[in-house]
Amino acid sequence: MRLAQSGKIGPLALKNRVIMAPMGTNYGTTDGYSTDRDKRYYAERAKGGAAMIITEAMNTSAEARNHNNSLCTYHDSFIPGLAALVRAIQDNGALAVAQINHRGHMLRRSVLGMEPVGPCNGISPATGEPVRELRADEIVAIQQDFVASARRLWRAGYDAVEIHAANGYLFQTFFSERFNKRDDHYGGTLENRSRFLLETVARIQDALPDLPLLVRRSATEYTDGGYTEDEIVALALALEKAGVAAIDLSGGTNESPILSRYCIQPPSMPRRMLE
């Protein structure tokens, strides 16, 4: 059976083809630290036989907390707890991959006063809150936050890092013309709309050349006005050329219940449903 066969993702050797996708748990502390419950949760999944576990999306920036109990990576003080979490996974036979994210326009002021931000001023379709356009220097600062987070995760012992660039979060809004109306070098053409993500990939690889890097993308937004198949294929080829170890495909966005069902399918959604 192919599922039981060994495999490879870049330099990573997998004992089988079972990979646990990242899923939020809210098991962290209110200030973003890993807990014993976190470790037990992931240890049990590793004991179950998965070859690789991608832990839940972690916040790279102090001003971008996504939940009250979400795990964080924006300070060195988080490293010991994350290292213990990694050991719980690796000691039970699985590789540990960390997903890092910035929620962008899906941030909520009700969650620790987080300000929704994006490529342009507007209203978040997910929350109805005002979204503030990021300045070019703020974009660079966020990229540097991703680099610093990746370095901390490398120090914590993670086998690889995955950038969350799908499901309506910050990188996806920069790529989608539905949200990105900028007229600088981060907006307009396909090359410009891809720049934020590709620059972030390059910055991480320059800083950590031995760290395998994965990228999660939504293959389609499942809505009118979203990016085209040709555009997402072009971005995938650019990411491949940039040297990412794997592209993790999802679909849809979490900006509305109708579109989020393509990210996390409810039991009522028929299998293999296409629209």
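Residues numbered from 1 in each chain as written. Predicted model: local features only at pLDDT ≥ 70, side-chain atom pairs only at ≥ 80, totals over all residues. Heavy atoms only, no water.

## As for the pattern of salt bridges
Applying the stated criterion to the full structure yields 14 salt bridges. In this structure, arginine 182 engages aspartate 184 in a salt bridge whose closest nitrogen and oxygen atoms are separated by 2.8 Å. Here the salt bridges do not stand alone but share partners, grouping Glu115, Arg132, Arg135, Asp137 and Glu138 into one network. (Salt bridge = Lys/Arg side-chain N within 4 Å of Asp/Glu carboxyl O.)

## Some words on empty space enclosed by the protein
Think of a ball as big as a water molecule: rolled over the atoms, this probe shows where empty space is left. Counting across every chain of the model gives one cavity of 30 Å³ or more. In terms of residue count, the dominant contributor to the lining of the largest cavity is helix α5 (residues 190-207) (four residues). (1 Å grid on protein atoms, 1.4 Å probe; cavity = no way out; pocket = protein on both sides within 12 Å on 5 of 7 lines; lining within 4 Å. Points joined across faces, edges and corners; volume = space filled by probe spheres on them. Helix = DSSP H or I, 4+ residues; strand = E, 2+ residues; numbered from the N terminus.)

## Describing the side chain of arginine 182
Along the chain, arginine 182 falls in the loop between α4 (170-175) and α5. At 2.8 Å, the side chain of arginine 182 forms a polar contact with the backbone oxygen of leucine 134. Once residues within four sequence positions are removed from consideration, arginine 182 is found in contact with Gly118, Pro119, Cys120, Glu133, Leu134, Arg135, Ala136, Ile139, Phe174, Gly187 and Gly188. (Polar contact = N/O pair within 3.5 Å; in protein donor to acceptor, adjacent residues only side chain to side chain. Contact = heavy atoms within 4.5 Å.)

## Focus on the packing of helix α3 (residues 136-156) against α5
Here α3 crosses α5 at 40 degrees, and the two axes come no closer than 9 Å. Taken together, α3 and α5 sit at an angle that is classed as oblique. The interaxial crossing formed by α3 with α5 has right-handed handedness. Where α3 approaches α5, its residues Ile139, Val140, Ile142, Gln143, Gln144, Phe146, Val147, Ala150 and Arg151 are matched on the opposing element by Phe196, Glu199, Thr200, Arg203, Ile204 and Ala207. (Axes fitted to C-alpha atoms, helices over the stretch in contact; angles between N-to-C directions. Parallel < 35°, antiparallel > 145°, perpendicular 65-115°, else oblique. Left-handed = near helix turned anticlockwise from the far one by under 90°.)

## Description of the packing of aromatic side chains
Applying the stated criterion across every chain yields a total of nine aromatic pairs. Taking 5.5 Å as the distance between ring centres and 80 degrees as the angle between the ring planes, the aromatic pair formed by tyrosine 27 and tyrosine 41 counts as edge-to-face. Taken as a pair, tyrosine 27 in the loop between β3 (19-20) and α1 (36-47) and tyrosine 41 in helix α1 lie far apart in primary sequence, 14 residues in all. A relative accessible area of 14% places tyrosine 41 in the buried class. In this structure an aromatic cluster arises from ring pairing among Phe146, Phe171, Phe174, Tyr186 and Phe196. (Phe/Tyr/Trp six-rings, centres within 6.5 Å; stacked < 30°, edge-to-face > 60°. Buried < 20%, exposed > 50% of the residue type's maximum accessible area, 1.4 Å probe, protein only.)

## Quick look at a nonpolar patch on the surface
Residues Met1, Leu3 and Val18 make up a contiguous nonpolar surface patch of about 320 Å² in total accessible area. Topologically, valine 18 is positioned in the loop between β2 (12-14) and β3. (Patch = residues over 30% accessible without salt bridge, like charges linked within 9 Å, V, L, I, M, F, W, Y side chains within 5 Å. Areas by Shrake-Rupley, 256 points an atom, 1.4 Å probe, with all protein chains shown as cover.)

## Quick word on the side chain of glutamine 99
Relative to the elements of secondary structure, glutamine 99 occurs in strand β5 (residues 95-101). At a separation of 2.7 Å, a polar atom in the side chain of glutamine 99 contacts the side chain of glutamate 162. If sequence neighbours within four positions are ignored, glutamine 99 has contacts with Pro22, Ile54, Thr55, Glu56, Ala57, Met58, Glu162, His164 and Arg216.

## Section: the sheet that holds β3
In space, the six strands of this open sheet follow the order β3-β4-β5-β9-β10-β11, with parallel pairing throughout. Each edge of the open sheet carries a strand with a single partner, namely β3 and β11 (246-250). Examined bridge by bridge, strand β4 (residues 52-59) and β5 share six bridges and lie parallel to one another. What sits directly across from isoleucine 54, in β5, is valine 97. Along the sheet face, α5 touches β9 (160-164) and β10 (213-218) and points at about 165 degrees away from the line of β10. (Pairing = 2+ DSSP bridges.)

## So, the packing of helix α2 (residues 79-90) against α3
With their axes 8 Å apart at the nearest point, α2 and α3 run at an angle of 50 degrees to one another. Considering the angle they form, α2 stands oblique to α3. For α2 against α3, the interelement crossing comes out right-handed. Here α2 contributes Ile79, Leu82, Ala83 and Val86 to the contact with α3, which in turn contributes Arg152, Leu153, Arg155 and Ala156. Residue composition of the contact of α2 with α3, by class: six nonpolar, no polar and two charged. (Nonpolar A, V, L, I, M, F, W, Y, C, P; charged D, E, K, R; others polar.)

## A word on the pairing of β10
On a regular strand, each side chain points to the face opposite its neighbour's, so the side chains alternate between the two faces of the sheet. By the criterion of burial, β10 is predominantly enclosed, with six of the six residues buried. The two faces of β10 match: Leu213, Val215 and Arg217 on one face and Leu214, Arg216 and Ser218 on the other face are all buried. Bridge count between β9 and β10: four bridges; the pairing is parallel. Residue pairing for β10: valine 161 is matched across the bridge by leucine 213. Strand direction decides the pairing type here: β10 and β11, joined by five bridges, are parallel. By the bridge assignment, arginine 217 is partnered in β11 with leucine 249. Crossover connection from β10 via helix α6 (residues 229-242) to parallel β11: handedness right-handed. (Right-handed = clockwise from strand over helix to strand, strands pointing away.)

Interpretation note: all reported values are geometric properties and have no functional meaning in isolation.
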